[in-house]
Every structure is written in C-alpha cells, then in structure tokens.
Amino acid sequence: NGAVFTENANEMVLVRDIDIFSSCEHHILPILGRAHVAYIPNGKVIGLSKIARICEMYGRRLQVQERLTAQIADGLVGLLKPQGVAVVVEATHMCMVMRGVQKPGSWTVTSAVRGVFAEDARTRQEFMDLVQHNPRFN
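Residues numbered from 1 in each chain as written. Predicted model: local features only at pLDDT ≥ 70, side-chain atom pairs only at ≥ 80, totals over all residues. Heavy atoms only, no water.

## Focus: the packing of aromatic side chains
Moving on, step 1. Counted under the stated rule, the structure contains one aromatic pair.
Moving on, step 2. With a centroid separation of 5.9 Å and 70° between ring planes, the pair formed by phenylalanine 117 and phenylalanine 127 is classed as edge-to-face. Of this pair, phenylalanine 117 sits in helix α4 (residues 116-119) while phenylalanine 127 sits in helix α5 (residues 121-132), and the two are ten residues apart along the sequence. A single burial state applies to phenylalanine 117 and to phenylalanine 127, both of which are buried.
Moving on, step 3. Here arginine 34 stacks its cationic end above the ring of tryptophan 107, 5.3 Å away from the centre of that ring. (Phe/Tyr/Trp six-rings, centres within 6.5 Å; stacked < 30°, edge-to-face > 60°. Helix = DSSP H or I, 4+ residues; strand = E, 2+ residues; numbered from the N terminus. Buried < 20%, exposed > 50% of the residue type's maximum accessible area, 1.4 Å probe, protein only. Lys NZ or Arg CZ within 6 Å of the ring centre and 35° of its normal.)

## A word on helix α2 (residues 65-80)
Moving on, step 1. Taking 1.5 Å as the rise per residue, α2 with 16 residues should run 22 Å; its terminal C-alpha atoms sit 23 Å apart, in good agreement.
Moving on, step 2. Burial in α2 covers these residues: Gln65, Leu68, Thr69, Gln71, Ile72, Ala73, Leu76 and Leu80.
Moving on, step 3. The first or second residue beyond α2 is lysine 81, which carries a positive phi of 50°. (Expected span 1.5 Å × (residues − 1).)

## Details of the confidence of the model for the protein
Moving on, step 1. Per-chain confidence: the protein averages 91 in pLDDT, with 94% of residues scoring 70 or above.
Moving on, step 2. Taken element by element, the protein is modelled with least confidence in helix α3 (residues 94-98), mean pLDDT 80, and with most confidence in α4, mean pLDDT 98. (pLDDT = per-residue confidence, 0-100.)

## A few points about the side chain of histidine 36
Moving on, step 1. When you line up the elements, histidine 36 lands in strand β3 (residues 30-40).
Moving on, step 2. The class of histidine 36 is buried, set by a relative accessible area of 1%.
Moving on, step 3. Setting aside residues up to four positions removed in sequence, histidine 36 forms contacts with Leu14, Val15, Arg16, Asp17, Ala86, Val87, Val88, Glu90, Phe127 and Val131. (Contact = heavy atoms within 4.5 Å.)

## What to know about the sheet that holds strand β5 (residues 62-63)
What links the strands of a sheet is backbone hydrogen bonding, and the strands pair in either a parallel or an antiparallel sense.
Moving on, step 1. Pairing is mixed across the open sheet formed by five strands, whose spatial order is β5-β2-β3-β6-β7. At either margin of the open sheet sits one strand with a lone partner, and together these are β5 and β7 (108-115).
Moving on, step 2. By the bridge criterion, eight bridges tie strand β6 (residues 84-93) to β7 in an arrangement that is antiparallel. Following the sheet pairing, valine 87 is matched in β7 by alanine 112.
Moving on, step 3. Packed on one face of the sheet, α2 meets β2 (13-24), β3, β5, β6 and β7 and runs near 25° to β7.
Moving on, step 4. Together, β2, β3, β6 and β7 form the strand contacts of α5, whose direction differs from that of β2 by roughly 75°. (Pairing = 2+ DSSP bridges. Axes fitted to C-alpha atoms, helices over the stretch in contact; angles between N-to-C directions.)

## Some details on the nonpolar core
Moving on, step 1. Residues Val37, Tyr39 and Ile72 are the most contacted members of the largest nonpolar core, which totals 28 residues.
Moving on, step 2. When contributions to this core are tallied by element, the ones reaching two or more residues are β2, β3, β4 (44-46), α1 (48-59), α2, β6 and α3.
Moving on, step 3. Aside from chain neighbours lying at most four places away, what touches tyrosine 39 is Glu11, Met12, Val13, Lys44, Val45, Ile46, Ile51, Leu80, Pro82, Gly84, Val85 and Phe117.
Moving on, step 4. In this structure, Ile40, Val88, Phe117 and Phe127 belong to the second largest nonpolar core, which totals nine residues. (Core = buried A, V, L, I, M, F, W, Y, C linked by side-chain atoms within 4.5 Å.)

Next comes the structure, spelled out in structure tokens:
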C-alpha cells in the first residue's frame, strides 16, 4: 500500500509490545500476547503501523507460536530485503490455561532472527536488551 519508502537508514528500527491474538491450531483456543519486531534497513523502510499489520495478518491464521514468529520475520525479509530481522513473541495459550495441565500465568517466548541478527551476537544482544528495557517507566 505504498508504505515502503526508499531511505538511507541503516540503524535498528524496533516496534515493541505489539498486541497479538491468534488461535492454536491444535485446540482452536486463543493465543494472547505481544510481539517485538526489529529490522535493520538496507535502503528501504516500512511505515511503522505496517509492522503491526504484518503481525496481525499472520496472527489471524490458525497457528502455532513458533510458526507465527518465523512468518513475521520471513515476511519482513521478503518485503524489505533488510540487513536483518529479529522477532520475539511472548504469549499465553488458553490451551495451557483451560485444558490439560491448567497452568494460568505461564508464558511462551519464541524468537526468530535473520541476517545480521543471526550472524552478529552483539546486534542480537542489543535487540534483546531493548526488548527487555521498558523506557516508558524510566
């Protein structure tokens, strides 16, 4: 939708705390959580709200969290051809809360790293530090 722009940017772009909703493909029960998505541009940037829309688009499918995380990362790679992409999804699964083991309060964390985030431990660590840091309360 014209939300990809040519830009000479090469520093990390991070959108944190994107609310994400999906449904477990095994039990057809909700998955509720948040995604943290970063990329390092390679001549193209995307409108920030489009990152949230990408998360929403993949979340609408019946999913497993591992695949959802990878699809968000691979979707950005395919669209932007960036230097790298990193995605962390933190979610609670109603199948864990309501059925079987009935463990409310449990969270599942998955990550997907591509490009420079996979190749450079310092870049990956910078992303993880920014995801864990909460600037709204400092």
